[in-house]
Amino acid sequence: MIEVAVALLIVCAAAIYWYARLFPEGWGRLRTAVGFAPAPQPTIGKGCGGCTGCDRSGKGGCH
């Protein structure tokens, strides 16, 4: 009986993981509806900070 419970937990965890990966908008709406804080959205900054792939000559452009 314990094996069935563990297998069920693994399957549920995998289903939640792949739902969140394949449908990020739906996952965000579901989290908000349940009462969890929405995931922080990445912000696009004007500078690249410590990025080593940026053009530091002042001409702009990154990577």
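A quick note: this is a predicted structure, and the numbers were derived from the prediction, not measured. (Residues numbered from 1 in each chain as written. Predicted model: local features only at pLDDT ≥ 70, side-chain atom pairs only at ≥ 80, totals over all residues. Heavy atoms only, no water.)

Student: Lay out the packing of aromatic side chains with the relevant residues and their values.
Tutor: Evaluation of the coordinates by the stated rule reveals three aromatic pairs. Seen from their ring centres, Y17 and W18 are 5.2 Å apart, and the 80 degrees between their planes marks the pair as edge-to-face. Aromatic side chains Y19 and F23 sit 5.6 Å apart centroid to centroid with 45 degrees between the ring planes, which places their arrangement in the tilted category. Here Y19 falls in the partly exposed class, since its relative accessible area comes to 33%. Note on F23: relative accessible area 46%, which makes it partly exposed. (Phe/Tyr/Trp six-rings, centres within 6.5 Å; stacked < 30°, edge-to-face > 60°. Buried < 20%, exposed > 50% of the residue type's maximum accessible area, 1.4 Å probe, protein only.)

Student: With reference to specific residues and values, describe the UniProt feature "transmembrane region" (unreviewed entry) in the chain.
Tutor: The UniProt record annotates "transmembrane region" (unreviewed entry) at residues 6–23. The distance from the first to the last C-alpha atom of residues 6–23 is 26 Å, and the span holds 94% helix and 0% strand. (UniProt positions renumbered as here; feature names shortened; annotations may be inferred. Helix = DSSP H or I, 4+ residues; strand = E, 2+ residues; numbered from the N terminus.)

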